[in-house]
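# Descriptive structure summary
What follows is each chain in one-letter form.
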Amino acid sequence: MQPNDIAMVYGNDPSGMTRKLLDHCGIAESLSKTAYIVLKPNLVIAATADGGATTHPEIVEAVIRYFKDHGFANISIVESAWVGDSTARAFKVHGYERLVEEYGITLVDVKKDSYTTIEAHGFAIEISDTIMDSDFLISLPVLKGHCQTTMTCALKNMKGCISDRSKRQFHSWGLHDPIAALNTVRKADLVLVDSLNGDLDFEEGGNPVQTNRMFAGRDSVLVDTFGASLMGFETSEIPYIEIAEEFGVGSTDLASANIVELNRDTTGAPYRPSGRVHELEDYTVASSACSACYGNLIHALARLDERGILSDLNQKIHIGQDYKGKTGCGLGVGICTNGFTRSVPGCPPKALDIVKFIEKHIQD
Ligand code: SF4
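Everything quoted here is computed from the prediction, not taken from an experiment.

## Notes on the sheet that holds strand β12 (residues 258-261)
Sheets are built from strands that pair by backbone hydrogen bonding, the pairs being arranged parallel or antiparallel. Spatial ordering of the open sheet is given by β4-β3-β2-β7-β10-β11-β1-β12, a layout of 8 strands whose pairing is mixed. Each having just a single partner strand, β4 (106-109) and β12 make up the two edges of the open sheet. Averaged over all pairs of adjacent strands, the angle between their axes in this sheet comes to 20°, without regard to strand direction. Sheet analysis places strand β2 (residues 37-41) next to strand β3 (residues 75-79), joined by 3 bridges and oriented parallel. Bridge pairing in β3 places Ile-37 opposite Ile-75.

This is the structure in C-alpha coordinates:
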(Lines give C-alpha, C1' and ligand atoms only; values in the text may rest on other atoms or scores of the structure.)
Protein backbone atom coordinates (compact mmCIF):
# COMPACT_ATOMS: atom_id res chain seq x y z
CA MET A 1 0.00 0.00 0.00
CA GLN A 2 1.39 3.40 -1.04
CA PRO A 3 0.97 6.61 1.02
CA ASN A 4 -1.57 8.00 -1.46
CA ASP A 5 -3.71 4.84 -1.38
CA ILE A 6 -7.02 4.68 0.47
CA ALA A 7 -9.06 1.48 0.54
CA MET A 8 -12.74 1.52 1.45
CA VAL A 9 -15.04 -1.33 2.39
CA TYR A 10 -18.77 -1.33 3.18
CA GLY A 11 -20.87 -3.69 5.27
CA ASN A 12 -22.16 -4.57 8.71
CA ASP A 13 -19.62 -7.27 9.57
CA PRO A 14 -16.72 -5.37 11.24
CA SER A 15 -14.62 -8.50 11.55
CA GLY A 16 -14.89 -9.50 7.88
CA MET A 17 -14.46 -5.89 6.72
CA THR A 18 -11.27 -5.52 8.75
CA ARG A 19 -9.83 -8.71 7.30
CA LYS A 20 -10.71 -7.59 3.78
CA LEU A 21 -8.86 -4.30 4.30
CA LEU A 22 -5.80 -5.93 5.87
CA ASP A 23 -5.57 -8.56 3.13
CA HIS A 24 -5.78 -5.75 0.58
CA CYS A 25 -3.05 -3.72 2.33
CA GLY A 26 -0.71 -6.75 2.50
CA ILE A 27 0.99 -5.42 5.63
CA ALA A 28 2.07 -8.76 7.15
CA GLU A 29 4.24 -9.63 4.15
CA SER A 30 6.28 -6.45 4.57
CA LEU A 31 7.15 -6.92 8.27
CA SER A 32 9.61 -9.08 10.22
CA LYS A 33 7.78 -11.74 12.27
CA THR A 34 9.54 -10.41 15.39
CA ALA A 35 8.07 -6.92 14.94
CA TYR A 36 6.31 -5.40 17.95
CA ILE A 37 2.78 -4.66 16.72
CA VAL A 38 0.82 -2.02 18.65
CA LEU A 39 -2.90 -1.36 18.20
CA LYS A 40 -4.22 2.05 19.23
CA PRO A 41 -8.04 2.05 19.33
CA ASN A 42 -10.19 4.96 20.47
CA LEU A 43 -11.52 4.25 23.97
CA VAL A 44 -12.01 7.87 24.96
CA ILE A 45 -14.68 6.76 27.41
CA ALA A 46 -15.75 3.43 28.89
CA ALA A 47 -18.76 3.04 26.59
CA THR A 48 -19.76 0.47 24.01
CA ALA A 49 -19.21 1.17 20.32
CA ASP A 50 -22.90 1.49 19.42
CA GLY A 51 -22.92 5.01 20.92
CA GLY A 52 -20.64 6.30 18.16
CA ALA A 53 -17.60 7.19 20.32
CA THR A 54 -15.40 4.10 20.56
CA THR A 55 -13.76 1.59 18.23
CA HIS A 56 -15.82 -1.53 17.59
CA PRO A 57 -14.19 -4.44 19.49
CA GLU A 58 -14.62 -6.82 16.54
CA ILE A 59 -12.24 -4.61 14.54
CA VAL A 60 -9.59 -4.87 17.26
CA GLU A 61 -9.97 -8.64 17.50
CA ALA A 62 -9.86 -9.07 13.72
CA VAL A 63 -6.55 -7.15 13.55
CA ILE A 64 -5.07 -9.35 16.28
CA ARG A 65 -6.28 -12.51 14.53
CA TYR A 66 -4.77 -11.31 11.24
CA PHE A 67 -1.33 -10.86 12.78
CA LYS A 68 -1.58 -14.12 14.74
CA ASP A 69 -2.51 -15.97 11.54
CA HIS A 70 0.63 -14.53 9.93
CA GLY A 71 2.92 -15.71 12.74
CA PHE A 72 3.32 -12.54 14.81
CA ALA A 73 3.52 -13.06 18.59
CA ASN A 74 4.39 -9.67 20.04
CA ILE A 75 1.15 -7.65 20.04
CA SER A 76 -0.24 -5.03 22.45
CA ILE A 77 -3.28 -2.83 22.68
CA VAL A 78 -2.21 0.60 23.94
CA GLU A 79 -4.67 3.32 24.91
CA SER A 80 -5.75 5.80 27.55
CA ALA A 81 -9.26 7.04 28.22
CA TRP A 82 -9.68 10.79 28.49
CA VAL A 83 -8.73 12.62 31.68
CA GLY A 84 -11.16 11.60 34.41
CA ASP A 85 -12.19 8.22 32.98
CA SER A 86 -10.65 4.83 33.62
CA THR A 87 -8.82 3.03 30.81
CA ALA A 88 -9.10 -0.25 32.74
CA ARG A 89 -12.87 0.15 32.80
CA ALA A 90 -12.88 0.87 29.06
CA PHE A 91 -10.78 -2.27 28.42
CA LYS A 92 -13.33 -4.25 30.44
CA VAL A 93 -16.38 -2.77 28.68
CA HIS A 94 -14.87 -3.77 25.33
CA GLY A 95 -14.00 -7.31 26.43
CA TYR A 96 -10.25 -6.91 25.99
CA GLU A 97 -9.49 -9.22 28.95
CA ARG A 98 -10.74 -12.13 26.85
CA LEU A 99 -8.37 -11.07 24.04
CA VAL A 100 -5.46 -11.31 26.48
CA GLU A 101 -6.44 -14.86 27.44
CA GLU A 102 -7.29 -16.03 23.95
CA TYR A 103 -4.45 -14.48 21.92
CA GLY A 104 -1.70 -13.88 24.49
CA ILE A 105 -1.55 -10.15 23.80
CA THR A 106 -0.86 -7.47 26.42
CA LEU A 107 -2.90 -4.42 27.42
CA VAL A 108 -1.05 -1.19 28.16
CA ASP A 109 -2.83 1.63 29.95
CA VAL A 110 -0.94 4.74 28.87
CA LYS A 111 -1.94 6.45 32.13
CA LYS A 112 0.30 3.93 33.94
CA ASP A 113 3.08 3.74 31.35
CA SER A 114 6.47 5.44 31.55
CA TYR A 115 7.00 8.47 29.30
CA THR A 116 9.73 10.21 27.42
CA THR A 117 9.45 13.97 27.04
CA ILE A 118 10.06 14.97 23.45
CA GLU A 119 10.22 18.51 22.06
CA ALA A 120 8.30 19.05 18.85
CA HIS A 121 7.56 22.40 17.21
CA GLY A 122 7.91 24.18 20.56
CA PHE A 123 5.83 21.71 22.60
CA ALA A 124 7.32 19.40 25.24
CA ILE A 125 5.18 16.26 25.01
CA GLU A 126 5.23 13.28 27.40
CA ILE A 127 4.69 10.33 25.10
CA SER A 128 4.21 6.70 26.08
CA ASP A 129 7.41 4.64 25.94
CA THR A 130 5.43 1.65 24.69
CA ILE A 131 4.24 3.67 21.72
CA MET A 132 7.80 4.81 21.00
CA ASP A 133 9.04 1.20 21.27
CA SER A 134 6.49 -0.10 18.73
CA ASP A 135 7.79 -1.34 15.38
CA PHE A 136 4.43 -1.04 13.67
CA LEU A 137 1.69 1.19 15.03
CA ILE A 138 -1.86 0.63 13.83
CA SER A 139 -4.28 3.41 14.63
CA LEU A 140 -7.93 2.36 14.87
CA PRO A 141 -9.77 5.68 15.19
CA VAL A 142 -13.47 6.37 14.96
CA LEU A 143 -14.43 8.98 12.36
CA LYS A 144 -16.72 11.26 14.36
CA GLY A 145 -17.49 14.83 15.30
CA HIS A 146 -15.65 16.66 18.07
CA CYS A 147 -16.93 19.62 20.06
CA GLN A 148 -13.56 21.44 20.05
CA THR A 149 -11.72 20.30 16.93
CA THR A 150 -14.85 19.80 14.76
CA MET A 151 -13.91 16.25 13.86
CA THR A 152 -11.53 13.55 15.02
CA CYS A 153 -9.92 10.66 13.19
CA ALA A 154 -6.31 9.49 12.72
CA LEU A 155 -4.21 12.51 13.75
CA LYS A 156 -6.15 13.24 16.90
CA ASN A 157 -6.33 9.57 17.90
CA MET A 158 -2.62 9.87 18.78
CA LYS A 159 -3.59 12.06 21.74
CA GLY A 160 -4.38 8.83 23.62
CA CYS A 161 -0.64 8.02 23.52
CA ILE A 162 0.45 10.82 25.87
CA SER A 163 0.31 11.43 29.62
CA ASP A 164 -2.74 13.03 31.23
CA ARG A 165 -0.53 16.02 32.07
CA SER A 166 0.29 16.49 28.39
CA LYS A 167 -3.38 16.08 27.48
CA ARG A 168 -4.28 18.96 29.79
CA GLN A 169 -1.48 21.05 28.30
CA PHE A 170 -2.74 20.30 24.77
CA HIS A 171 -6.01 22.03 25.66
CA SER A 172 -4.21 25.09 27.03
CA TRP A 173 -2.07 25.17 23.85
CA GLY A 174 -5.17 25.24 21.64
CA LEU A 175 -5.17 21.56 20.54
CA HIS A 176 -4.54 22.01 16.81
CA ASP A 177 -0.81 22.83 16.82
CA PRO A 178 0.16 20.24 19.47
CA ILE A 179 -1.90 17.51 17.76
CA ALA A 180 -0.01 18.16 14.53
CA ALA A 181 3.31 18.33 16.43
CA LEU A 182 2.63 15.03 18.21
CA ASN A 183 2.28 13.30 14.86
CA THR A 184 5.78 14.46 13.91
CA VAL A 185 7.10 12.53 16.92
CA ARG A 186 5.19 9.32 16.20
CA LYS A 187 2.50 8.81 13.63
CA ALA A 188 0.57 5.68 12.76
CA ASP A 189 2.13 3.28 10.27
CA LEU A 190 -1.32 2.14 9.21
CA VAL A 191 -4.74 3.64 9.91
CA LEU A 192 -7.90 1.51 9.87
CA VAL A 193 -10.83 3.84 10.36
CA ASP A 194 -13.98 2.68 12.10
CA SER A 195 -16.61 4.63 10.18
CA LEU A 196 -19.43 2.25 11.02
CA ASN A 197 -21.49 4.69 13.09
CA GLY A 198 -19.35 7.60 14.28
CA ASP A 199 -21.05 10.41 16.14
CA LEU A 200 -22.49 13.40 14.30
CA ASP A 201 -20.77 16.13 16.32
CA PHE A 202 -19.53 14.95 19.71
CA GLU A 203 -16.57 12.80 20.74
CA GLU A 204 -18.51 11.24 23.62
CA GLY A 205 -21.15 9.79 21.28
CA GLY A 206 -24.92 9.87 21.69
CA ASN A 207 -25.89 10.71 18.10
CA PRO A 208 -24.34 7.89 16.06
CA VAL A 209 -24.78 8.10 12.28
CA GLN A 210 -24.86 4.67 10.70
CA THR A 211 -22.60 4.67 7.63
CA ASN A 212 -21.47 1.01 7.66
CA ARG A 213 -18.02 1.55 6.19
CA MET A 214 -14.35 1.32 7.08
CA PHE A 215 -11.34 2.67 5.25
CA ALA A 216 -7.59 2.24 5.45
CA GLY A 217 -4.57 4.34 4.58
CA ARG A 218 -0.94 4.88 5.53
CA ASP A 219 -0.89 8.69 5.50
CA SER A 220 -2.75 10.03 8.56
CA VAL A 221 -3.10 13.48 6.97
CA LEU A 222 -4.65 12.06 3.81
CA VAL A 223 -6.90 9.75 5.83
CA ASP A 224 -8.15 12.73 7.86
CA THR A 225 -8.61 14.85 4.73
CA PHE A 226 -10.72 12.08 3.21
CA GLY A 227 -12.62 11.58 6.48
CA ALA A 228 -13.41 15.31 6.65
CA SER A 229 -14.92 15.19 3.16
CA LEU A 230 -17.07 12.21 4.17
CA MET A 231 -18.43 14.26 7.07
CA GLY A 232 -19.09 17.34 4.93
CA PHE A 233 -16.12 19.47 6.02
CA GLU A 234 -13.56 21.36 3.98
CA THR A 235 -10.04 20.49 5.14
CA SER A 236 -9.55 24.16 6.07
CA GLU A 237 -12.28 23.78 8.72
CA ILE A 238 -10.04 21.37 10.67
CA PRO A 239 -6.84 23.40 11.30
CA TYR A 240 -4.74 20.52 12.67
CA ILE A 241 -4.92 18.68 9.34
CA GLU A 242 -3.33 21.52 7.39
CA ILE A 243 -0.83 22.22 10.18
CA ALA A 244 0.20 18.54 10.12
CA GLU A 245 0.80 18.86 6.38
CA GLU A 246 2.94 21.98 6.99
CA PHE A 247 4.94 19.99 9.57
CA GLY A 248 5.60 17.29 6.97
CA VAL A 249 3.40 14.55 8.45
CA GLY A 250 1.59 13.85 5.18
CA SER A 251 -0.44 15.25 2.33
CA THR A 252 -3.92 16.79 2.00
CA ASP A 253 -3.87 16.24 -1.76
CA LEU A 254 -7.07 14.24 -2.08
CA ALA A 255 -7.16 14.87 -5.84
CA SER A 256 -4.02 12.72 -6.21
CA ALA A 257 -5.24 9.98 -3.89
CA ASN A 258 -5.88 6.51 -5.24
CA ILE A 259 -9.20 5.60 -3.63
CA VAL A 260 -10.27 1.98 -4.13
CA GLU A 261 -13.65 0.58 -3.08
CA LEU A 262 -13.31 -3.13 -2.31
CA ASN A 263 -17.07 -3.75 -2.53
CA ARG A 264 -20.37 -1.92 -2.90
CA ASP A 265 -22.62 -0.76 -0.10
CA THR A 266 -25.64 -3.02 0.09
CA THR A 267 -26.65 -2.26 3.67
CA GLY A 268 -29.82 -0.32 4.35
CA ALA A 269 -30.26 2.96 6.20
CA PRO A 270 -31.03 2.65 9.94
CA TYR A 271 -34.58 1.84 10.94
CA ARG A 272 -34.61 3.87 14.15
CA PRO A 273 -32.03 6.66 14.21
CA SER A 274 -31.56 8.52 17.46
CA GLY A 275 -31.81 12.10 18.75
CA ARG A 276 -30.55 14.80 16.44
CA VAL A 277 -30.20 12.37 13.54
CA HIS A 278 -33.93 11.73 13.78
CA GLU A 279 -34.63 15.49 13.55
CA LEU A 280 -32.47 15.83 10.44
CA GLU A 281 -34.42 12.99 8.85
CA ASP A 282 -37.34 15.39 8.46
CA TYR A 283 -35.45 16.91 5.52
CA THR A 284 -35.24 13.59 3.65
CA VAL A 285 -37.49 11.28 1.68
CA ALA A 286 -35.62 7.98 1.74
CA SER A 287 -36.61 4.80 -0.03
CA SER A 288 -34.19 1.85 0.08
CA ALA A 289 -31.20 4.14 0.62
CA CYS A 290 -27.80 2.53 1.22
CA SER A 291 -26.50 3.33 4.68
CA ALA A 292 -23.28 5.15 3.66
CA CYS A 293 -25.23 7.30 1.21
CA TYR A 294 -27.86 8.13 3.80
CA GLY A 295 -25.27 8.75 6.51
CA ASN A 296 -23.43 11.19 4.23
CA LEU A 297 -26.70 13.07 3.65
CA ILE A 298 -27.32 13.28 7.42
CA HIS A 299 -23.79 14.62 7.97
CA ALA A 300 -24.31 17.18 5.18
CA LEU A 301 -27.60 18.36 6.70
CA ALA A 302 -25.89 18.71 10.09
CA ARG A 303 -23.13 20.88 8.56
CA LEU A 304 -25.74 23.13 6.92
CA ASP A 305 -27.60 23.34 10.22
CA GLU A 306 -24.38 24.34 12.02
CA ARG A 307 -23.98 27.18 9.48
CA GLY A 308 -27.55 28.32 10.18
CA ILE A 309 -28.84 27.81 6.63
CA LEU A 310 -30.66 24.49 6.85
CA SER A 311 -33.96 26.20 7.68
CA ASP A 312 -33.70 27.94 4.26
CA LEU A 313 -34.06 24.56 2.55
CA ASN A 314 -37.60 24.66 1.21
CA GLN A 315 -37.99 21.05 0.08
CA LYS A 316 -37.09 17.53 1.08
CA ILE A 317 -34.18 15.60 -0.41
CA HIS A 318 -34.88 12.31 -2.19
CA ILE A 319 -32.46 9.44 -1.71
CA GLY A 320 -32.49 5.70 -2.31
CA GLN A 321 -32.48 2.89 -4.81
CA ASP A 322 -36.25 2.96 -5.32
CA TYR A 323 -35.76 6.19 -7.31
CA LYS A 324 -33.57 4.45 -9.90
CA GLY A 325 -34.88 5.07 -13.42
CA LYS A 326 -37.60 7.42 -12.15
CA THR A 327 -38.09 11.04 -13.04
CA GLY A 328 -39.26 13.49 -10.45
CA CYS A 329 -39.48 17.09 -9.42
CA GLY A 330 -37.11 18.29 -6.75
CA LEU A 331 -33.75 17.43 -5.28
CA GLY A 332 -32.03 14.07 -5.16
CA VAL A 333 -28.82 12.62 -3.77
CA GLY A 334 -26.82 9.91 -5.58
CA ILE A 335 -26.99 8.43 -9.07
CA CYS A 336 -30.24 6.67 -8.20
CA THR A 337 -31.93 10.08 -8.37
CA ASN A 338 -30.36 11.32 -11.60
CA GLY A 339 -33.84 11.57 -13.12
CA PHE A 340 -34.75 14.36 -10.70
CA THR A 341 -34.71 18.07 -11.56
CA ARG A 342 -31.46 18.44 -9.64
CA SER A 343 -29.32 15.63 -8.33
CA VAL A 344 -25.83 15.34 -6.88
CA PRO A 345 -23.90 12.54 -8.66
CA GLY A 346 -21.94 9.78 -6.93
CA CYS A 347 -22.60 6.36 -5.51
CA PRO A 348 -22.45 7.31 -2.73
CA PRO A 349 -21.64 11.03 -3.03
CA LYS A 350 -19.41 12.52 -0.33
CA ALA A 351 -21.07 14.67 2.33
CA LEU A 352 -18.95 17.64 1.23
CA ASP A 353 -20.36 17.39 -2.31
CA ILE A 354 -23.89 17.18 -0.88
CA VAL A 355 -23.24 20.30 1.25
CA LYS A 356 -22.13 22.26 -1.83
CA PHE A 357 -25.10 20.97 -3.85
CA ILE A 358 -27.69 22.01 -1.26
CA GLU A 359 -25.94 25.34 -0.61
CA LYS A 360 -26.14 26.14 -4.31
CA HIS A 361 -29.83 25.25 -4.39
CA ILE A 362 -30.51 27.53 -1.41
CA GLN A 363 -28.57 30.40 -3.03
CA ASP A 364 -30.40 29.98 -6.36
S1 SF4 B 1 -26.67 6.37 -5.12
FE2 SF4 B 1 -28.19 4.72 -4.81
S3 SF4 B 1 -27.05 2.80 -5.03
FE4 SF4 B 1 -25.55 4.46 -4.77
S5 SF4 B 1 -25.13 4.48 -2.59
FE6 SF4 B 1 -26.78 5.96 -2.94
S7 SF4 B 1 -28.70 4.83 -2.63
FE8 SF4 B 1 -27.05 3.32 -2.85
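## With respect to unusual backbone geometry
The residue after Cys-347, namely Pro-348, is reached through a cis peptide bond having omega 0°. Along the polypeptide, Pro-348 turns up in the loop between β16 (340-344) and α13 (351-363). One non-glycine residue, Leu-175, adopts positive backbone phi at about 65°. For Leu-175, the location among the structural elements is in the loop between α7 (164-172) and α8 (176-185). The backbone of Asn-212 sits at a positive phi, close to 50°, despite the residue not being glycine.

## Brief notes about the sheet that holds strand β13 (residues 284-286)
Judged by pairing direction, the sheet is parallel, and its 4 strands sit side by side in the order β13-β14-β15-β16 without closing on themselves. Sheet topology places β13 and β16 at the edges, where each strand pairs with a single neighbour. On average, adjacent strands in this sheet sit at an angle of 30° to one another, irrespective of strand direction. The pairing of strand β14 (residues 317-319) with strand β15 (residues 328-333) spans 3 bridges and is parallel. Across the sheet, residue His-318 finds its bridge partner in β15, namely Gly-332.

## Examining helix α4 (residues 96-103)
Residues Tyr-96, Leu-99 and Tyr-103 constitute the buried set of α4. Buried residues of α4 fall within an arc of 45° about the axis and therefore sit on the same side. For α4, the elements touching its buried residues are β2, α2 (57-69), β3, α3 (87-93) and β4.

## Let's talk about the packing of helix α12 (residues 291-306) against α13
Close contact between α12 and α13 brings their axes to 8 Å; oriented N to C, the two are set at 50°. By the angle class used here, α12 and α13 are oblique. Judged by the twist between their axes, the crossing of α12 over α13 is right-handed. Residues Asn-296, Leu-297, His-299, Ala-300, Leu-301, Arg-303 and Leu-304 of α12 form the contact with α13, whose participating residues are Ala-351, Ile-354, Val-355, Ile-358 and Glu-359.

## What about the environment of Gly-232?
With respect to the helices and strands, Gly-232 occurs in the loop between α9 (220-231) and α10 (239-246). Judged by its relative accessible area of 0%, Gly-232 falls in the buried class. The spacing of Gly-232 and Asn-296 is 64 residues in sequence and 7.6 Å in space, taken between C-alpha atoms. Sequence-distant contacts of Gly-232, defined by excluding residues within four places in its chain, comprise Glu-237, Arg-303, Arg-307, Ala-351, Leu-352 and Val-355.

## Topic: the nonpolar core
Ranked by size, the top nonpolar core spans 50 residues in total, and within it Leu-143, Met-151, Leu-155, Phe-215 and Ile-241 carry the most contacts. Among the secondary structure elements, those contributing two or more residues to this core are β1 (5-10), β6 (123-128), α6 (154-157), α8, β10 (190-195), α9 and α10. Not counting chain neighbours up to four residues away, the residues in contact with Leu-155 comprise Ile-179, Asn-183, Ser-220, Val-221, Asp-224, Tyr-240, Ile-241, Ala-244 and Val-249. Listed in part, the 37 residues of the second largest apolar core include Cys-25, Leu-31, Leu-39 and Tyr-96.

## A word on the packing of aromatic side chains
Evaluated as defined, the whole model comprises 7 aromatic pairs. Judged by centre distance (4.9 Å) and plane angle (45°), the rings of Phe-123 and Trp-173 are tilted. Of this pair, Phe-123 sits in strand β6 while Trp-173 sits in the loop between α7 and α8, and the two are 50 residues apart along the sequence.

## Topic: the site of the ligand
Every residue near the ligand is listed here: Cys-290, Cys-293, Gly-320, Gln-321, Gly-334, Ile-335, Cys-336, Gly-346, Cys-347 and Pro-348. Its residues assigned to classes, the shell around the ligand shows 6 nonpolar, 4 polar and no charged.

## Looking at the domain arrangement of the chain
Assigned domains of the chain: these are domain 1 (5-261) and domain 2 (275-363). Taken over C-alpha atoms, the centre of domain 1 sits 30 Å from the centre of domain 2. The interface is formed by 20 residues belonging to domain 1 together with 21 residues belonging to domain 2. Each partner contributes to the roughly 1600 Å² buried at the junction of domain 1 and domain 2, and carbon and sulfur atoms together form 57% of this total.

Reading the values: the criteria
Residues numbered from 1 in each chain as written. Predicted model: local features only at pLDDT ≥ 70, side-chain atom pairs only at ≥ 80, totals over all residues. Heavy atoms only, no water. Pairing = 2+ DSSP bridges. Helix = DSSP H or I, 4+ residues; strand = E, 2+ residues; numbered from the N terminus. Axes fitted to C-alpha atoms, helices over the stretch in contact; angles between N-to-C directions. Buried < 20%, exposed > 50% of the residue type's maximum accessible area, 1.4 Å probe, protein only. Arc of directions from axis to C-beta. Contact = heavy atoms within 4.5 Å. Parallel < 35°, antiparallel > 145°, perpendicular 65-115°, else oblique. Left-handed = near helix turned anticlockwise from the far one by under 90°. Core = buried A, V, L, I, M, F, W, Y, C linked by side-chain atoms within 4.5 Å. Phe/Tyr/Trp six-rings, centres within 6.5 Å; stacked < 30°, edge-to-face > 60°. Near = heavy atom within 4 Å. Nonpolar A, V, L, I, M, F, W, Y, C, P; charged D, E, K, R; others polar. Domains from an automatic or database assignment. Buried area = accessible area lost by both parts, 1.4 Å probe.

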